[in-house]
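Fold and contact review
Residues per chain, in single letters:
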Amino acid sequence: MSKKSNKKEQPQEIVTATSLAFFEKYINNPSPTGYEWEGQRLWLDYLKPYVDQTYIDTYGTAVGIINPEADYKVVIEAHADEISWFVNYISNDGLIYVIRNGGSDHQIAPSKRVNIHTDKGTVKAVFGWPAIHTRGGEKEEAPSTKNIFLDCGCTSKEEVEELGIHVGCVITYDDEFMVLNDRYYVGRALDNRAGGFMIAEVARLLKENKKTLPFGLYIVNSVQEEIGLRGAEMIAEFIKPNVAIVTDVTHDTTTPMINKITQGDLACGKGPVVSYAPSVQINLNRQLIEVANKNNIPIQRQAASRYTGTDTDAFAYSNAGVPSALISLPLRYMHTTVEMIHREDVDNVIRLIYELVCSMKKDQDFRTFSN
């Protein structure tokens, strides 16, 4: 007679070939802050088979809802926007100067290829930079927002404008997704479209495993996080959730030039990161850690002194206070075109959110004490 296993059954699949193909398409599609709609359309199309209802707000935050009729509401959330640039000035000789849209890094810009998005379509350009042979002197001038510029092959301002380029056009880098050493996913905007992908995978697993939830689950892909958590602020007021579970990226601190004393000791491949911060509700966080331990999901820990800098803060302090937790994905080279995440961490973040959602009860009270 065979003995019955006490091991908890896990979802049969995490990232499948089909979902990975979507992830690649989703990462390659531009979704700059304020202009996220094409990526949001892709994301909602992928999500729709796994939810009962969808919603898009005025600024483009997209939501998939399971059990929309339920009074008790749980949010799982990521943000959809990527850093980018705006056209700020066009010189008479046809060169284009820029300002940031979000936290774009001026030091990585020289020699990068970009797409300038216009009403006439996409225009290719490059961030130019003077050759090393011409940069004489004791002290070289470093790249800054005052001296980096775009060259789209034009020789006059009029020629640039004929292409449809004007002040305010948004600019994204021209880089594509790849898998490195069969271990890392690499691309731009993994911060935080990786999060959008992972919460969509949670919805897929719930559907495929025929899980019935005793509450409404709101799968939220917010806009405008990179300029101050704005999309999360707006959608939190609309949904009025009872609980919020946010996923974003955090720094892998094992690469050169990062101080672990100030940034913490975190690494890709060692599991999801659980945060401790004022906006992270202590009892929800304890449940999160218990779920990780029960399901043998490795975790790392991170502390934030005043705020997390993620949409967790927006949800936590909305609607007279919403119990919120943050599950972070370790990432190398944040805000560059070669952001890197470990495929096992992606699987484990998906598993952790899935198991946490499945462990939650309707009308759960997370207060630390009551009358």
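These lines cover the structure that appears in this document, whether it is placed above or below. In this text, all values refer to a predicted model and were calculated from it rather than measured experimentally. (Residues numbered from 1 in each chain as written. Predicted model: local features only at pLDDT ≥ 70, side-chain atom pairs only at ≥ 80, totals over all residues. Heavy atoms only, no water.)

Right, let's get into the side chain of Asn101. Here Asn101 lies in strand β5 (residues 95-101). Taking the relative accessible area as the measure of exposure, Asn101 reaches 6% and is therefore buried. Of note is the side chain of Asn101, whose polar atom sits 2.8 Å from the backbone oxygen of Thr33. Residues in contact with Asn101, not counting those within four places in the same chain, are Pro32, Thr33, Ile83, Ser84, Trp85, Phe86, Val170 and Ile227. (Helix = DSSP H or I, 4+ residues; strand = E, 2+ residues; numbered from the N terminus. Buried < 20%, exposed > 50% of the residue type's maximum accessible area, 1.4 Å probe, protein only. Polar contact = N/O pair within 3.5 Å; in protein donor to acceptor, adjacent residues only side chain to side chain. Contact = heavy atoms within 4.5 Å.)

A word on the side chain of Thr253. Checked against the element boundaries, Thr253 lands in the loop between β13 (243-251) and α6 (260-263). Given a relative accessible area of 1%, Thr253 falls into the buried group. In contact with Thr253, not counting residues within four places along its chain, are Ile258, Lys260, Gln263, Gly264, Asp265 and Leu266.

Here we have three strands laid out as an open sheet, ordered β10-β11-β17, and antiparallel in their pairing. Here the strands that pair on one side only, and so sit at the sheet edges, are β10 (178-180) and β17 (339-342). Going across the sheet, the axis of each strand differs from the next one's by a mean of 30°, ignoring polarity. The sheet contact formed by strand β11 (residues 184-187) and β17 spans four bridges and is antiparallel. If you follow Tyr185 over to β17, its bridge partner there is Ile341. Strands in contact with helix α4 (residues 190-208) are β11 and β17; relative to β17, the strand with the most contacts, it is inclined by about 35°. (Pairing = 2+ DSSP bridges. Axes fitted to C-alpha atoms, helices over the stretch in contact; angles between N-to-C directions.)

Here helix α7 (residues 282-294) crosses helix α9 (residues 343-359) at 115°, and the two axes come no closer than 9 Å. Relative to α9, the element α7 is oriented roughly perpendicular. Both α7 and α9 take part in a crossing whose hand is right-handed. Contact with α7, carried on its side by Gln287, Leu288, Val291 and Ala292, involves Leu352, Glu355, Leu356 and Ser359 of α9 and no other residues of that element. Of the residues in the contact of α7 with α9, the class split is five nonpolar, two polar and one charged. (Parallel < 35°, antiparallel > 145°, perpendicular 65-115°, else oblique. Left-handed = near helix turned anticlockwise from the far one by under 90°. Nonpolar A, V, L, I, M, F, W, Y, C, P; charged D, E, K, R; others polar.)

Right, let's get into the pattern of salt bridges. A full pass over the atoms with the stated rule returns 12 salt bridges. In this structure, Lys124 engages Asp174 in a salt bridge whose closest nitrogen and oxygen atoms are separated by 3.1 Å. Placement of Lys124 in strand β7 (residues 121-128) and of Asp174 in the loop between β9 (170-173) and β10 is noted, with a sequence separation of 50 residues between them. On the basis of relative accessibility, which here comes to 51%, the residue Lys124 falls in the exposed class. You can call Asp174 partly exposed: its relative accessible area is 30%. Sharing partners across several salt bridges, the network here consists of Glu82, Arg188 and Arg193. (Salt bridge = Lys/Arg side-chain N within 4 Å of Asp/Glu carboxyl O.)

According to the stated counting rule, one finds 16 aromatic pairs in the structure shown. Ring plane angle 10° and centroid distance 4.3 Å describe the contact between Phe23 and Phe197, whose orientation is recorded as stacked. Pair noted here: Phe23 is in helix α1 (residues 17-28) and Phe197 is in helix α4, with a separation of 174 residues, a long-range link. Both residues of the pair, Phe23 and Phe197, count as buried. Centre to centre, the rings of Trp85 and Phe127 are 5.8 Å apart; their planes meet at 65°, and the pair counts as edge-to-face. Of the two residues, Trp85 is situated in strand β4 (residues 84-90) and Phe127 in strand β7; the sequence distance between them amounts to 42 residues. For Phe127, a relative accessible area of 2% gives the class buried. Taken together, the ring pairs in this structure connect Phe22, Phe23, Tyr26, Tyr46, Tyr50, Phe177, Tyr185 and Phe197 into an aromatic cluster. Lying across the ring of Tyr26, Arg193 places its NZ or CZ 5.5 Å from the centre. (Phe/Tyr/Trp six-rings, centres within 6.5 Å; stacked < 30°, edge-to-face > 60°. Lys NZ or Arg CZ within 6 Å of the ring centre and 35° of its normal.)

Taken by themselves, the reported measurements are silent on function.
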